[in-house]
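# Reading the structure
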Number of protein chains: 4
Amino acid sequence: MEDVQSGPAQVPLTIDNVGVRHLRMPLLVPDGAGGRQQTVASVEMGVELPSSLKGTHMSRFVEVLEQWDGEISCGSVARLLETLRARLGARRASADFRFPYFVRKAAPSSGMNGIISYDCRLTGEQDGDSAPRFLLEVDVPVMTVCPCSKAISDEGAHSQRALVRMAVRMDGLPWIGELIEIAEQSGSSPVHTLLKREDEKYVTEHAFACPTFVEDVVRNAAFRLEKHAHIRWFKVDVESQESIHNHDAFACIERTLR
Amino acid sequence: MEDVQSGPAQVPLTIDNVGVRHLRMPLLVPDGAGGRQQTVASVEMGVELPSSLKGTHMSRFVEVLEQWDGEISCGSVARLLETLRARLGARRASADFRFPYFVRKAAPSSGMNGIISYDCRLTGEQDGDSAPRFLLEVDVPVMTVCPCSKAISDEGAHSQRALVRMAVRMDGLPWIGELIEIAEQSGSSPVHTLLKREDEKYVTEHAFACPTFVEDVVRNAAFRLEKHAHIRWFKVDVESQESIHNHDAFACIERTLR
Amino acid sequence: MEDVQSGPAQVPLTIDNVGVRHLRMPLLVPDGAGGRQQTVASVEMGVELPSSLKGTHMSRFVEVLEQWDGEISCGSVARLLETLRARLGARRASADFRFPYFVRKAAPSSGMNGIISYDCRLTGEQDGDSAPRFLLEVDVPVMTVCPCSKAISDEGAHSQRALVRMAVRMDGLPWIGELIEIAEQSGSSPVHTLLKREDEKYVTEHAFACPTFVEDVVRNAAFRLEKHAHIRWFKVDVESQESIHNHDAFACIERTLR
Amino acid sequence: MEDVQSGPAQVPLTIDNVGVRHLRMPLLVPDGAGGRQQTVASVEMGVELPSSLKGTHMSRFVEVLEQWDGEISCGSVARLLETLRARLGARRASADFRFPYFVRKAAPSSGMNGIISYDCRLTGEQDGDSAPRFLLEVDVPVMTVCPCSKAISDEGAHSQRALVRMAVRMDGLPWIGELIEIAEQSGSSPVHTLLKREDEKYVTEHAFACPTFVEDVVRNAAFRLEKHAHIRWFKVDVESQESIHNHDAFACIERTLR
């Protein structure tokens, strides 16, 4: 059968990235305690295509994925990228994984456990023989209590859920759990899945004792990310689902550290 | 050219509804004050197809829509349904429109204006020669302050944005503005687009003086809908984006009135 | 601490359903071959609330979920509903689970395997001491080739991905795999994740030999669902992402069988 | 009343961008023929905040928007940015608008008209006294027929809807209509809203005479964008909703031209 893909390109331009997207499958992710947890990921994989070739071979991406060990970690994704480069005959390959990550968290007063999920994304890229580069993104919901509303009102203050979206490029170690911790220390309070009445009292009082604007949250998170020994670049975007409005407030800081 | 659609169906089953969906276009909607406002709608139109025919004629739906006067109102949609039935040779036709509706609202203390949008949907159905039936859906964001959190905490109470989703079948008159008013009176406070500091103080204090569970909001809205002279059936679903959790609380009441 | 929820309701209306929504967690689902597969689900749980009580106890839903065995199956969900009714003191409880279901499928010619995912939803409801009722929903992508385009064109015919959305109420047995099979036999061809060149030839030729309108697909699926011994009610909605349009065609059949 | 926002920041970091997001409102957009069309946009506006200030003044963004002339064009957005900088006392301001753009398009054979919509986004940024910079993004659906499937199959070839997503930075003139034209010439065929039978025959035959991989589409579009006199940078991402798969193929080219 004719191999149309291997024919010449009519328009001889190099394609930066070509491949498949929105493949959903069950995968494993390291749980930060030496074990691995089950999750479901949406996968994208691509390669660079030289100007001389008409098309890539889309089915080989799926073959490589089928033979991969299925763990969303830097080491395992690095092996996937190496295999993609070899199998597709490409100089550069990339892959990204979007998945929920789960943490069983104890309530602050009762100590009862509830599971909470965080949207994550790991992107790996391998260009020639240089070391693979990784980008880790984690979205962490927190609670914010408005300092202005608290200062000017005779009683109360509006509060809301806010989403701390972090993207980091790193040397080695930082992992999902560390980013969650950084974000959860940056708002008025972490959020929880299971709160008994004594916990709800604790969270309410704790959050009201620590009111934060969206500006405070983004600065608190950026300050902690700047101090992290292994982060080379980061971007934090905080989005607060204002309970007094039907729109959102946001604040964003991006820094190259080293 | 062969008219494949008019051939016989291999499987002679009546199709309840067949047509086109996700057509997006600029339309007009009555503003409740005698005028009309511009909006953009996603449109679905369908007809019943007898068991004897292989297919409907999809292009005719678009032709009918192109010739329609383009106003999302019961009278105008009734004319669209009549034309669809005639043009497609169908006993039953239906159409629905999803669109944002805009209200310019004054802040409670400063009186300054801001525009706020509400997601709406109007569905019309015409079966034979009986009167057309309409379903109106309106989603209204409100603010809720938690009564439990307020009662048990030394200071503060968690608050959040909640969405009051109403669906009503009516005799004649109730329209979007009335449903918005019903929902906005049912939570701890309406939300606003423009709030100066004096308004934020007003909204915070007003909301804290009127704490509501998601259960209170759904009951308050249902109580008002039950009393409305022209509503024959309704369903209210309130979804509260709990600021202390990463999940939502909800409550739902459905009633047939007459 | 005050139990605000147990106080009297200001507006004494029964609430049909109140609870929590959008809880995401890893769960298991029977794989149809005696085993179980890992997935991730978004969970909703609710109970009826009598007119006399101000509020339900939201944290108990999460406690019940934490102690549940975590399998999305009729038997296991029935036990969850029984526990919810007991723990919340409610006459009626309901729960629903939205999750991807995975099938490893062999390509038609090469026999090579690829994993494919289907969006599913299982809803269970228990009202008093009657048997629990279940609703199963499965969305199955298929390929359709247009019979009209094929008949009138000198060459080719437009094809596209279509989504067959089935909802069934059943006595006992039918499960996800059976519904997938019904849908995949109803279009021009099933879709696959991994297709080598010989498979792509097979799928293309097979699909072009079996052109189907959206009307054909919905009738083919309805015909098979009607013949199924254990289905009491069904609704099929087929949505075809027309490759010649920027909108979709749809067809829908709903039937009560017994 | 206390002006909490004007107090000192606890963590003295400059915030790159802070403001409001997801404000939805009716706006106007130039139609390319000297007139303006009605649309609905989701608006984001932000400013840089110096390290010395605790917070920005969120309500002023809404005030500025309320007083703005409401036209999504480079000239009008430049005036909005200037006003934002003055009103918020900021060195840098940005604003972006996401909106559907409508074109009434004639069918290729019958000449009958149908309206089609394209998702667009215009982002403007003004930093100090330098000229404002704009980014225009337009998403254009097209049809693709697979060259490989056509070459290897005895009959037919799979086709599908593909989305050509273009982002461009420009000197002056290129506008939405030009980008739509570039994308629609790059696939196997444009898509249409209204096609009579003679038009469907035309589109099918025309598309089959011009089969394109996702790689061809992205190269065709990139080639045309490179030749455009006023484009300084572009990124094209083509996503093809493969009718034989449940996942998508994609290809991406990004270039800095001058």
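Residues numbered from 1 in each chain as written. Chains lettered and ligands numbered in written order. Predicted model: local features only at pLDDT ≥ 70, side-chain atom pairs only at ≥ 80, totals over all residues. Heavy atoms only, no water.

### What to know about the overall build of chain A
Selection rule: Helix and strand assignments come from DSSP, with helices taken as H or I runs of at least 4 residues and strands as E runs of at least 2, each series counted from the N terminus. In this analysis, two residues are considered to be in contact whenever any of their non-hydrogen atoms come within 4.5 Å of each other. Accessible surface area values rest on a Shrake-Rupley calculation with a 1.4 Å probe, where residue burial reflects the displayed protein chains alone.
Each helix and strand counted, chain A has six helices and nine strands in total. Taking the principal axes of the C-alpha coordinates as reference, chain A spans close to 75 × 35 × 35 Å. Taking all contacts inside chain A whose residues are at least 6 apart in sequence as the whole, residues at least 24 apart take part in 64%. Carbon and sulfur atoms provide 48% of the accessible area of chain A, an area that totals close to 9,000 Å².

### Structural notes on the packing of helix H1 (residues 58-67) of chain B against helix H2 (residues 74-88) of chain B
How two helices sit against one another is set out by the angle between their axes and by the gap between those axes. Residues and elements named next belong to chain B. Put simply, the test is: Structural elements are reduced to axes, namely lines fitted to C-alpha atoms, with helices fitted over the stretch in contact, and the angle between N-to-C directions of any two is expressed from 0 to 180 degrees. Definitions for this section: a left-handed crossing has its near helix turned counterclockwise from the far helix by less than a right angle. A right-handed crossing has that turn clockwise. Residues were grouped as follows: Ala, Val, Leu, Ile, Met, Phe, Trp, Tyr, Cys and Pro as nonpolar; Asp, Glu, Lys and Arg as charged; and all remaining residues, including Gly, as polar.
At a minimum axis separation of 10 Å, H1 and H2 run at an interaxial angle of 145°. H2 is crossed by H1, and the crossing has right-handed handedness. Contact with H1, carried on its side by Arg60, Phe61, Glu63, Val64 and Leu65, involves Leu80, Thr83, Leu84, Arg87 and Leu88 of H2 and no other residues of that element. Its residues assigned to classes, the contact of H1 with H2 shows six nonpolar, one polar and three charged.

### Some words on the side chain of C:Glu242
Heads up, the rule is: For the exposure calls, accessible area comes from a 1.4 Å probe over protein chains only, and a residue counts as buried if that area is under 20% of its type's maximum, exposed if over 50%, partly exposed in between. By the counting rule applied here, Lys and Arg register as positive and Asp and Glu as negative, while His and the ends of each chain are not counted. Salt bridges, as used here, are contacts in which a Lys or Arg side-chain nitrogen is within 4 Å of a carboxyl oxygen on Asp or Glu.
Following the sequence through the fold, C:Glu242 ends up in the loop between strand S8 (231-240) and strand S9 (248-256). Despite its burial, C:Glu242 pairs with no opposite charge; the closest candidate is D:Arg161, at 6.9 Å N-O. Not counting the four nearest positions on each side in its chain, C:Glu242 is found in contact with C:His158, C:Gln160, C:His247, C:Asp248, C:Ala249 and D:Arg161.

### Here we look at the environment of D:Ala106
Residues and elements named next belong to chain D. Inspection of the secondary structure puts Ala106 in strand S3 (residues 92-106). Between the alpha carbons of Ala106 and Leu194 there is a distance of 8.1 Å; along the sequence they are 88 residues apart. Once you skip the residues sitting within four places of it in the chain, Ala106 turns out to touch Gly111, Met112, Asn113 and His192.

### Some words on the relation of the copies chain A and chain D
Spelled out, the test is: To superpose the copies, least squares is applied to the C-alpha atoms of every residue with a pLDDT of at least 70 in both.
Its rotation angle being 180°, the transformation that places chain A on chain D also includes 0.0 Å of axial translation and leaves an RMSD of 0.0 Å. What we have between these two chains is a two-fold relation. Interface residue correspondence from chain A to chain D reaches 100%, placing this contact among same-surface, isologous pairings.

### Some words on the packing of aromatic side chains
Filter applied, for reference: Pairing of aromatic rings covers Phe, Tyr and Trp, the last through its six-membered ring, and needs centres within 6.5 Å; plane angles under 30 degrees mean stacked, over 60 mean edge-to-face, and all others mean tilted. Lysine NZ or arginine CZ positioned within 6 Å of the ring centre and within 35 degrees of the ring normal marks a charge as sitting over the ring.
Counted under the stated rule, the structure contains four aromatic pairs over all chains. Directly above the ring of D:Phe250 sits A:Arg21, whose terminal nitrogen or CZ lies 4.2 Å from the centroid.

### Comments concerning the relation of the copies chain A and chain B
Superposing chain A onto chain B requires a rotation of 180° together with a translation of 0.0 Å along the rotation axis, leaving an RMSD of 0.0 Å. An overlap of 100% is found between the interface residues of chain A and their copies at the interface of chain B, pointing to a shared contact surface.

### Some thoughts on the pairing of S9(C)
How we decide: Strands are labelled as partners when DSSP assigns at least two bridges between them.
With respect to burial, S9(C) is a largely interior element, seven of its nine residues being buried. The pairing of strand S1 (residues 15-30) of chain B with S9(C) spans five bridges and is classified as antiparallel. The residue bridging B:Val18 from the neighbouring strand is C:Ala251, located in S9(C). Sheet analysis places S8(C) next to S9(C), joined by eight bridges and oriented antiparallel. Residue pairing across strands places C:Val238 opposite C:Ala251, the latter belonging to S9(C).

### Remarks on the interface of chain A and chain D
Our working definition: Two parts placed together each lose some accessible area; with a 1.4 Å probe, that loss summed over both constitutes the buried area.
With 57 residues of chain A at the interface, the matching set in chain D holds 57 residues. Both sides of the chain A and chain D interface together cover about 4,300 Å² of buried area, and 56% of this is carbon and sulfur. Per-residue buried area on chain A facing chain D is highest for A:Arg21, A:Arg219 and A:Phe250; these three make up 20% of the total on that side. Counting every contact that joins chain A to chain D gives eight salt bridges.

### A word on the state of the cysteines
Residue and element names in this part refer to chain D. We count it as follows: Pairs of cysteine sulfur atoms within 2.5 Å are what we label disulfides.
According to the stated counting rule, one finds zero disulfides over all chains in the structure shown. Among the cysteines around Cys146, which has no disulfide bond, Cys148 carries the closest sulfur, lying 5.1 Å off. Judged by relative accessible area, Cys146 falls into the buried class, the value being 7%. Residue Cys252 stays outside any disulfide, its sulfur separated by 19 Å from that of Cys120, the closest cysteine.

### Side note on H2(B)
Residues and elements named next belong to chain B. Applied cut-off: One fewer than the residue count of a helix, multiplied by 1.5 Å, yields its expected span.
Between its first and last C-alpha atoms H2 spans 21 Å; for 15 residues at 1.5 Å apiece the expected length is 21 Å, and the two agree. Within the sequence span of H2, burial applies to Ser76, Val77, Ala78, Leu80, Leu81, Leu84, Arg85 and Leu88. Looking at the buried side of H2, the elements it contacts are strand S2 (36-49), H1, strand S3 (92-106), strand S4 (113-127) and strand S5 (133-145).

### Topic: helix H1 (residues 58-67) of chain A
Buried within H1(A) we find A:Ser59, A:Phe61, A:Val62, A:Glu63, A:Val64 and A:Leu65. Buried-residue contacts for H1(A) involve strand S1 (15-30), strand S2 (36-49) and helix H2 (74-88) of chain A.

### Details of the confidence of the model for chain A
What counts here: Every residue is assigned a pLDDT by the predictor, reflecting its confidence on a scale from 0 to 100.
Scored by pLDDT, chain A comes out at a mean of 95, with 99% of its residues at no less than 70. Here the prediction assigns the complex a pTM of 0.96, and the interface score ipTM is 0.95.

### Remarks on the interface of chain A and chain B
Applied cut-off: Within 3.5 Å is the distance limit for a polar contact, defined as a pair of N or O atoms, with the added protein rule that one can donate a hydrogen and the other accept it, and that residues adjacent in sequence qualify only through two side-chain atoms.
Contact with chain A, which involves 37 residues of that partner, is made by 37 residues of chain B. Both sides of the chain A and chain B interface together cover about 3,100 Å² of buried area, and 51% of this is carbon and sulfur. Interface area lost by chain A to chain B is led by A:Arg161, A:Ile244 and A:Asn246, which between them contribute 21%. Put simply, chain A and chain B have six salt bridges between them. Where B:Arg161 meets A:Asp248, a salt bridge forms, and the shortest distance between an N and an O atom there is 2.9 Å. Summed over the shared surface of chain A and chain B, the result is 25 residue pairs in polar contact (both at pLDDT 80 or more). Where the side of chain A that touches chain B is concerned, the elements lending two or more residues are strand S4 (113-127), strand S5 (133-145), helix H3 (147-152), strand S6 (159-170) and helix H5 (197-208) of chain A. In terms of residue count, H5(A) provides more of the side of chain A that touches chain B than any other element does, seven residues in total.

### Some remarks on unusual backbone geometry
Note: most residues except glycine have negative phi, and most peptide bonds are trans. All names here are of chain A. The phi angle at His22 is positive, at roughly 65°, despite the residue not being glycine. Residue position: His22 is located in strand S1. For His22, a relative accessible area of 38% corresponds to the partly exposed category.

### Some thoughts on the pairing of strand S3 (residues 92-106) of chain C
Residue and element names in this part refer to chain C. Among the 15 residues in S3, eleven count as buried, and that is most of the element. Pairing of S3 with strand S4 (residues 113-127), which is carried by 15 bridges, proceeds in the antiparallel orientation. Each residue of the ladder has a partner; that of Arg104, found in S4, is Ile115. Between the end of S3 and the start of S4, which pair antiparallel, lie six residues, with Gly111 showing a positive phi angle near 75°.

### Side note on the side chain of B:Gln37
Residue and element names in this part refer to chain B. By the element assignment, Gln37 lies in strand S2. Residue classification places Gln37 among the buried positions, given a relative accessible area of 14%. Side-chain polar atoms of Gln37 contact the backbone nitrogen of Phe102, separated by 2.8 Å. The residues contacting Gln37, other than those within four sequence positions of it, are Leu27, Leu28, Val29, Asp31, Pro100, Tyr101 and Phe102.

### A look at the pattern of salt bridges
Residue and element names in this part refer to chain A. Taken as a whole and judged by the stated rule, the model has 120 salt bridges over all chains. Of the charged contacts, one joins Arg85 and Glu82 as a salt bridge, the two residues approaching to 3.1 Å between their closest N and O atoms. Taken together, the positions of Arg85 and Glu82, both in helix H2 and three residues apart, correspond to about one turn of that helix. Judged by its relative accessible area of 12%, Arg85 is buried.

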